[in-house]
Every structure is written in C-alpha cells, then in structure tokens.
Amino acid sequence: GWIMDVRARMADRTVPLLPGLIEKSASVCWKMLLAGYPLVEGLGVARPLLKLRKMRSQWGNCHWRQGYITLNTALARCPELRDYVALHELVHFVHPDHGPALRLMDRLMPDWRQRRKEAAALWRGTGGMTAPHPGAAGALVVRSRANRAP
C-alpha cells in the first residue's frame with residue numbers, strides 16, 4: 001500500500017524532497033499548516049511561525065509558549081501524513097499536554113488514531129532517518145511573526 005511507497009521514497013536519498021528547491025518543500029509544509037489552521041483558529045490560536053528541519057525522532061513538535069511549530073522536512077515526501085501531523089501540533093496551542101489535546105483531536109479529526117498508527121509504521125520502516133534536500137542544513141524558518149497574516 002501507500003506506506004510501502006512512502007518508505008521507498010524516503011529510503012531513496014537521491015530523490016529530492018520535491019522537484020525543485022527546498023523552498024518548494026517549505027511552501028508545501030506552510031500550505032499544509034494553513035489548511036489545518038481554520039480548525040483551531042476559532043479556539044483562540046494565533047497563526048504560528050513554522051520552522052522546518054531534519055528530525056531523527058519525530059514528525060513535528062510544538063513550542064506553544066514561543067508560538068512556533070517545527071515540522072520534519074520528510075513530510076514534504078509524505079502527503080498522506082501532513083494533515084494529521086499539522087493538526088496534532090496545532091492543537092497543542094489549545095492544550096499543551098496530550099490528554100486534552102487528544103480529546104480535541106477526536107472532535108476535529110475522528111480518524112486521527114488510524115493516521116497516527118500509519119505515521120508510526122512509516123517511521124519504524126525508515127528507521128527514523130530523514131532524507132533532506134541536498135544542501136539543506138539546520139532549521140529553515142518559513143514565515144516570520146512579522147509577515148504572519150492576522
């Protein structure tokens with residue numbers, strides 16, 4: 001199925017994240033975050049700053065006190081996971097801990113548990129290694145606080 005296809009894409013380190021430059025991958029991740037944002041906007045969540053980086057142990061994380069989310073660059077290769085990961089990190093701005101955050105996920109994305117299983121299976125299949133775009137290093141800030149839309 002699709003998990004095997006994504007594993008193969010991630011294992012092939014010669015394939016760029018997306019055709020073109022890392023900025024295209026950043027644009028894809030920014031759009032995925034914006035797609036999930038309306039679900040939490042009405043709950044008082046300000047539009048966060050987005051950072052991208054190669055991550056070895058997670059798909060993303062939320063720094064709710066600082067107002068930013070960091071996403072794994074490998075998500076540019078995994079369109080099947082983007083909605084789940086983006087929304088998971090966004091709900092942490094409403095509930096920083098997993099108990100209430102996951103109950104909110106039940107309401108906003110009823111199939112999130114299945115998506116989490118698929119994400120975990122994919123992660124185990126890659127050994128947690130990501131394949132960054134050649135020349136990409138460290139974190140890439142996609143949008144600054146100054147140019148966030150209201």
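Residues numbered from 1 in each chain as written. Predicted model: local features only at pLDDT ≥ 70, side-chain atom pairs only at ≥ 80, totals over all residues. Heavy atoms only, no water.

What follows covers the packing of aromatic side chains. Summed over all chains, the structure comprises zero aromatic pairs. Taking the ring centre of tyrosine 68 as reference, the NZ or CZ of lysine 51 above it sits at 4.1 Å. (Phe/Tyr/Trp six-rings, centres within 6.5 Å; stacked < 30°, edge-to-face > 60°. Lys NZ or Arg CZ within 6 Å of the ring centre and 35° of its normal.)

For the rest of this paragraph, the subject is the environment of alanine 86. Secondary-structure assignment places alanine 86 in helix H4 (residues 79-91). Residue classification places alanine 86 among the buried residues on the basis of a relative accessible area of 1%. Each C-alpha atom of the pair alanine 86 and tryptophan 30 lies 9.5 Å from the other, and the pair is 56 residues apart in sequence. Apart from the residues lying within four places of it in its own chain, the contact partners of alanine 86 are Met32 and Leu33. (Helix = DSSP H or I, 4+ residues; strand = E, 2+ residues; numbered from the N terminus. Buried < 20%, exposed > 50% of the residue type's maximum accessible area, 1.4 Å probe, protein only. Contact = heavy atoms within 4.5 Å.)

A separate point is the confidence of the model for the protein. Here the protein averages 75 in pLDDT, while 66% of its residues score no lower than 70. Taken element by element, the protein is modelled with least confidence in strand E4 (residues 140-143), mean pLDDT 43, and with most confidence in helix H3 (residues 38-41), mean pLDDT 94. Taken together, the stretch residues 14-21 has pLDDT below 50 and engages in 19 contacts with residues farther than four places along the chain or on a different chain. The low-confidence segment residues 128-150, where pLDDT is below 50, has 55 contacts with residues more than four positions distant or belonging to other chains. (pLDDT = per-residue confidence, 0-100.)

The next thing to look at is the pattern of salt bridges. Inspection of the entire model under this criterion finds two salt bridges. The shortest N-O distance in the salt bridge between arginine 113 and aspartate 106 comes to 2.4 Å. Judged by its relative accessible area of 42%, arginine 113 is partly exposed. Of the residues examined, aspartate 106 reaches a relative accessible area of 32% and is grouped as partly exposed. The salt bridge involving arginine 115 is made with aspartate 111; its shortest N-O contact spans 3.1 Å. By relative accessible area, arginine 115 is classed as partly exposed at 22%. (Salt bridge = Lys/Arg side-chain N within 4 Å of Asp/Glu carboxyl O.)

A word on the side chain of histidine 88. Looking at the secondary structure, you find histidine 88 in helix H4. Beyond its immediate sequence surroundings of up to four residues, histidine 88 is in contact with His98, Leu102 and Met105.

Where helix H5 (residues 98-108) is concerned, the buried positions are Ala101, Leu102, Leu104, Met105 and Leu108. Here the buried residues of H5 occupy an arc of 155 degrees about the axis, which is enough to place them on one side. Opposite the buried face of H5, by more than 90 degrees, sit the exposed residues Arg103 and Arg107. (Arc of directions from axis to C-beta.)

In terms of nonpolar packing, the biggest core is built from 35 residues, with Trp59 and Leu71 touching the most fellow members. Mapped onto this core, the elements with two or more residues apiece are helix H2 (22-36), strand E1 (49-53), strand E3 (68-72), H4, H5 and helix H6 (112-126). (Core = buried A, V, L, I, M, F, W, Y, C linked by side-chain atoms within 4.5 Å.)

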